[in-house]
Amino acid sequence: MTYWVYHERQEAMLCGQHALNNLVQANAFTPVSLAEIAGQLDQMELNYMASNNEGGVSSKDYLKRLAEGSGNVDESGNFSIEVLRSALLSRYNIELPNIRQQGLSKVEVTTMDGFICNRSAHWFAIRKINDRYWNLNSTLERPEVISHFRLAAEVEALQNSGYSVFCVVDSLPPPCTNEAMMDQGLPKYWWKEEDLLKGKTNAMTRADDPWKDVGSGRRLDGGGKKSGGTGQPTKPISEMSEEEMLQMAMEASLEQTPQNDTVTYPLTEEPADGVKIQFRMPDGTRAVRKFLESDVVGTIYSYVSSKSDDRNVELRAGFPPKDISSKKDETIAEAKLAGEMIHGRYDV
């Protein structure tokens, strides 16, 4: 049986995303999906503070927390452990406790399925595949094997050097051993285990595999498949980059999102007294602005657009975040957006 090892490489400051994907051996999480989870957690924290602090949304603690911005993702895209935990739990029903948590000290390290390690702003995964442990740090050029004998010492060394180590005792998705399972990841990140073990300098990745298109229905002229609906050429999801998949998801979302671009909503001066709304702008920056509860939601769109070079934007709010374009003519009070966190992205 041939095993393949999935190892996403570092892009920007997205090591948290890569650590999760390397742990589950699939391109399962995107920056957008993790950012939405971060926003949901922020909103839950704000809702808790509003209901448990005297003064509610006008309390000093609430306003301070609101002004601080997200506590679950920073401006560089580094996600908190709570985001990673929530992502694993919601998608795979997998918990991610700290290895020092009470009760885990009796569990032998070499029986665990995998680990997520964090120090400062860097995350990486260690994962058991075919009864071997692999260091899947996204800063490495390729996966590196860790022997059972060395694993406990490696984990202890990480902790001694300031890393927090979180573990998955069991129930991780099975490793890749067949063609169908490879579609879960991007081709350039799959490594043939036997080549890695032999230390080959030209170890084969899925993108290099000469057998990868056998039986896939490729045309004789070398072109890709045609889609059944529009007749336009489509690229298999397994071969798409993160940017292409995000673009495809946004296009699909636009087909279902009601638009109301013919009406303009004048933006008035920010009132001295009003309700505060927190924003995560399409470019990733954060802002807080006051509005009158009698202002229509359309003025929120005008505000975000004015901070985004007057480009069209898509805004989402709530838990889970939902598109609010259908509420443009409602007041902020009617739409229940006072004190909310609103996520923006460019409407392409």
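The structure we're discussing is the one just above.
No experiment lies behind these values; they were computed from the predicted model shown.

Moving on, we come to the overall build of the protein. Scanning the protein for helices and strands turns up 10 helices and 12 strands. For the protein, with 348 residues in total, the buried portion stands at 47%. In the structure as shown, the protein presents an accessible area of about 18200 Å², 50% of it carried by carbon and sulfur atoms.

Bringing the sheet that holds strand β6 (residues 164-168) into the picture now. The 5 strands are arranged β5-β4-β3-β2-β6 in an open sheet whose pairing can be described as antiparallel. Edge positions in the sheet fall to β5 (144-146) and β6, since each of these pairs with one other strand and no more. This sheet shows a mean twist of 25° between the axes of neighbouring strands, independent of strand direction. Note: strand β4 (residues 132-135) against β5, 3 bridges, orientation antiparallel. If you follow asparagine 135 over to β5, its bridge partner there is glutamate 144. Along the sheet, helix α1 (residues 15-24) contacts β2 (114-119), β3 (122-129) and β6; its crossing angle with β3, the most-contacted strand, is approximately 5°. Contacts from helix α5 (residues 148-160) reach β2, β3, β4, β5 and β6 within the one sheet, and its direction differs from that of β5 by about 100°.

All told, the structure shown has 6 salt bridges when counted by the stated rule. Lysine 200 is the partner of aspartate 195 in a salt bridge, and the nearest nitrogen-oxygen pair spans 3.5 Å. Residue classification places aspartate 195 among the buried residues on the basis of a relative accessible area of 6%. By relative accessible area, which is 35% here, lysine 200 ends up partly exposed. Here glutamate 314 makes a salt bridge to arginine 345, at a shortest N to O gap of 3.3 Å.

What counts, and where the lines are drawn
Residues numbered from 1 in each chain as written. Predicted model: local features only at pLDDT ≥ 70, side-chain atom pairs only at ≥ 80, totals over all residues. Heavy atoms only, no water. Helix = DSSP H or I, 4+ residues; strand = E, 2+ residues; numbered from the N terminus. Buried < 20%, exposed > 50% of the residue type's maximum accessible area, 1.4 Å probe, protein only. Areas by Shrake-Rupley, 256 points an atom, 1.4 Å probe, with all protein chains shown as cover. Pairing = 2+ DSSP bridges. Axes fitted to C-alpha atoms, helices over the stretch in contact; angles between N-to-C directions. Contact = heavy atoms within 4.5 Å. Salt bridge = Lys/Arg side-chain N within 4 Å of Asp/Glu carboxyl O.

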